[in-house]
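A structural walkthrough
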Amino acid sequence: MDEQQARDDIKYIREMLDRTRRSTADSGTLFIFWGFWIILALIGNYALVYTHLFRWIWVDWTFFSFSGWVVTIWHSVRRGRKERIMTFAQEAAAYISFACGIAFALAAFALPLLGAYGYDVISIVIALVSGVLLFGLGGLFKAKFMLAAGLAWWLGAVGLVLIPGDWRGLGIVPLIIIGYLVPGFIFRAKYRNGK
Amino acid sequence: MIPEKLAPLDPVIHSQIRLAVMSILVSASVADFNELKAATGTTDGNLSTHLAKLEEVGYIRIKKSFRGRKPATTCSLTDAGREALARYVNALESYLPKSRG
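Here's a quick rundown of the structure. Here the structure is a predicted model, which means the values were calculated and not measured. (Residues numbered from 1 in each chain as written. Chains lettered and ligands numbered in written order. Predicted model: local features only at pLDDT ≥ 70, side-chain atom pairs only at ≥ 80, totals over all residues. Heavy atoms only, no water.)

**Here we look at the overall build of chain B**
In terms of regular secondary structure, chain B is built from four helices and three strands. The order of α-helices and β-strands along chain B, N terminus first, is α-β-α-α-β-β-α. Once the C-alpha set of chain B is aligned to its principal axes, its extents read approximately 55 × 25 × 25 Å. Relative to its full complement of 101 residues, chain B shows a buried share of 46%. Put simply, 56% of the contacts in chain B that link residues at least 6 apart link residues at least 24 apart. Total accessible area computed for chain B in this model is approximately 5,800 Å², and 52% of it derives from carbon and sulfur atoms. Within chain B, the 10 negative side-chain charges are centred at a point lying 4 Å from the centre of the 14 positive side-chain charges. (Helix = DSSP H or I, 4+ residues; strand = E, 2+ residues; numbered from the N terminus. Buried < 20%, exposed > 50% of the residue type's maximum accessible area, 1.4 Å probe, protein only. Contact = heavy atoms within 4.5 Å. Areas by Shrake-Rupley, 256 points an atom, 1.4 Å probe, with all protein chains shown as cover. Lys, Arg positive; Asp, Glu negative; His and termini not counted. Charge placed at Lys NZ, Arg CZ, Asp CG, Glu CD.)

This is the structure:
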């Protein structure tokens, strides 16, 4: 072994590490899916409000949340089967995503039903948890655009407080675009380029 | 310039295919046989031999299972393997001239 061979070996190790990093980039599919799914749920919500069918609002949210979970679990299991490599960052990301998923369910359903806060506060709590999700994943994947999206969610949570309760649902739409759809499409583009 | 004291290189890792396998597994909790085969550009038989050698010295763990009806072999690095690779990289660095600081 001489100096040049040692350099070649170190370069080779780096290449293998890079390969692992590229092959495990997130596809962004679930961000895009949830972004559009929540917007559809909000459209349903406001359609019901507009037509004075207030008592059906819970059906709208239950349908979109439950079906969203089913799609998420199906997609995750399918991807897990196809995945040829699993990094520690991906494992941690799965735990963070699952933890935030539980927090979303508690914040949107269980806690308001138990009387912890009113329904007009849900979007603020959702924005807070979304900030944790995006910022946490941004740190794991070393993605500045996700860190920025996390900060946007937290700023948005504060901004939502200033919006009257009935309109907070609409106030969350730009946050979904900035905080879910944009990161989702950026991930998707990177994933396709990396393949 | 090469320093006077050169650290010995672990002969088990000092092979391009085994080094590639160890390098991939150090950042992946699990990698499957096909991924390792694609990364190393080797044949099934050759890769199996190298993996068996790494398993024999306790550097990697091999798990055989089924994905649906298809057999699947996955590999992961053990703590001993992680330490061995760290030692190997340190040893490699002893072959490089110290940067002037």
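Structure shown, so let's carry the discussion forward.
**Focus: the overall build of chain A**
Per the secondary structure count, chain A includes seven helices and one strand. Of the regular secondary structure in chain A, the N- to C-terminal order runs α-α-α-β-α-α-α-α. Referenced to the eigenvectors of the C-alpha coordinate spread, the extents of chain A come out at roughly 80 × 35 × 30 Å. The 195 residues of chain A split such that 39% are buried. Long-range contacts, defined here as pairs at least 24 residues apart, represent 68% of the contacts in chain A between residues at least 6 apart. Of the charged side chains in chain A, 19 are positive and 12 negative; the average position of the first set lies 7 Å away from that of the second.

**Quick notes on helix α4 (residues 88-113) of chain A**
Because each turn of an α-helix spans 3.6 residues, side chains separated by three or four positions in sequence point in the same direction. All names here are of chain A. Counted at 1.5 Å a residue, the expected span for α4 with its 26 residues is 38 Å, and the 37 Å between its end C-alpha atoms agrees. Remark: the principal bend of α4, roughly 45°, maps to Leu106. Burial in α4 covers these residues: Gln90, Ala93, Cys100, Gly101, Phe104, Ala107 and Pro112. Just past α4, the residue Gly115 takes up positive phi, approximately 85°. (Expected span 1.5 Å × (residues − 1). Bend = angle between axes of the 7 residues up to and from the residue.)

**Observations regarding the pairing of strand β3 (residues 70-77) of chain B**
Residue and element names in this part refer to chain B. The element β3 is extensively covered by neighbouring structure, given that six of its eight residues are classed as buried. Here strand β1 (residues 28-32) runs beside β3; their pairing, made up of two bridges, is antiparallel. Bridge pairing in β3 links Asp32 to Thr74. Here strand β2 (residues 60-67) pairs with β3 via eight bridges, running antiparallel. Bridge pairing links Ile62 to Cys75 in β3. Here β2 folds back onto β3 in antiparallel fashion, the turn holding two residues, of which Gly68 has a positive phi close to 70°. (Pairing = 2+ DSSP bridges.)

**Remarks on the interface of chain B and chain A**
Taken together, the contact pairs 29 residues of chain B with 22 residues of chain A. Summing both sides of the interface, chain B and chain A together bury roughly 2,300 Å²; the carbon and sulfur share of this comes to 65%. The interface formed by chain B and chain A contains zero salt bridges. Our count for the chain B to chain A interface comes out at one residue pair in polar contact (both at pLDDT 80 or more). For the side of chain B that touches chain A, the secondary structure elements donating two or more residues are α1 (16-27), β1, α2 (33-40) and α4 (79-93) of chain B. For the side of chain B that touches chain A, the leading source of residues is α1 of chain B, giving seven residues. Tallied by class, residues from the side of chain B that touches chain A come to 18 nonpolar, six polar and five charged. Pairing of strand β1 (residues 85-87) of chain A with β1 of chain B, which is carried by three bridges, proceeds in the antiparallel orientation. Bridge pairing in β1 of chain B links Ile85 of chain A to Ala31 of chain B. (Buried area = accessible area lost by both parts, 1.4 Å probe. Salt bridge = Lys/Arg side-chain N within 4 Å of Asp/Glu carboxyl O. Polar contact = N/O pair within 3.5 Å; in protein donor to acceptor, adjacent residues only side chain to side chain. Nonpolar A, V, L, I, M, F, W, Y, C, P; charged D, E, K, R; others polar.)

**Some remarks on the packing of helix α2 (residues 29-50) of chain A against helix α3 (residues 57-82) of chain A**
For any two helices packed against each other, one specifies the crossing angle of their axes together with the interaxial distance. Residue and element names in this part refer to chain A. At a closest axis distance of 9 Å, the pairing of α2 and α3 adopts a crossing angle of 170°. Classified by the interaxial angle, the pair formed by α2 and α3 is roughly antiparallel. Of the residues assigned to the contact of α2 with α3, the class counts are 16 nonpolar, nine polar and one charged. (Axes fitted to C-alpha atoms, helices over the stretch in contact; angles between N-to-C directions. Parallel < 35°, antiparallel > 145°, perpendicular 65-115°, else oblique.)

**Some details on the environment of Gln90 of chain A**
One can find Gln90 of chain A in helix α4. For Gln90 of chain A and Leu137 of chain A, which are 47 residues apart along the polypeptide, the C-alpha to C-alpha distance reads 9.4 Å.

**Focus: the sheet that holds β1 of chain B**
Strand pairing in a sheet relies on backbone hydrogen bonds, with the paired strands running either antiparallel or parallel. As summarised here, the arrangement of the four strands in space is β1(A)-β1(B)-β3(B)-β2(B), forming an open sheet in which the pairing is antiparallel. The open sheet has two edge strands, β1 of chain A together with β2 of chain B, and neither has a second partner. Averaged over neighbouring strand pairs, the angle between their axes works out to 20° when direction is ignored. Set on the sheet, helix α3 (residues 44-56) of chain B makes contact with β2 and β3 of chain B; between it and β2 of chain B the angle comes to about 125°.

Function-wise, these values are silent; they only describe arrangement.
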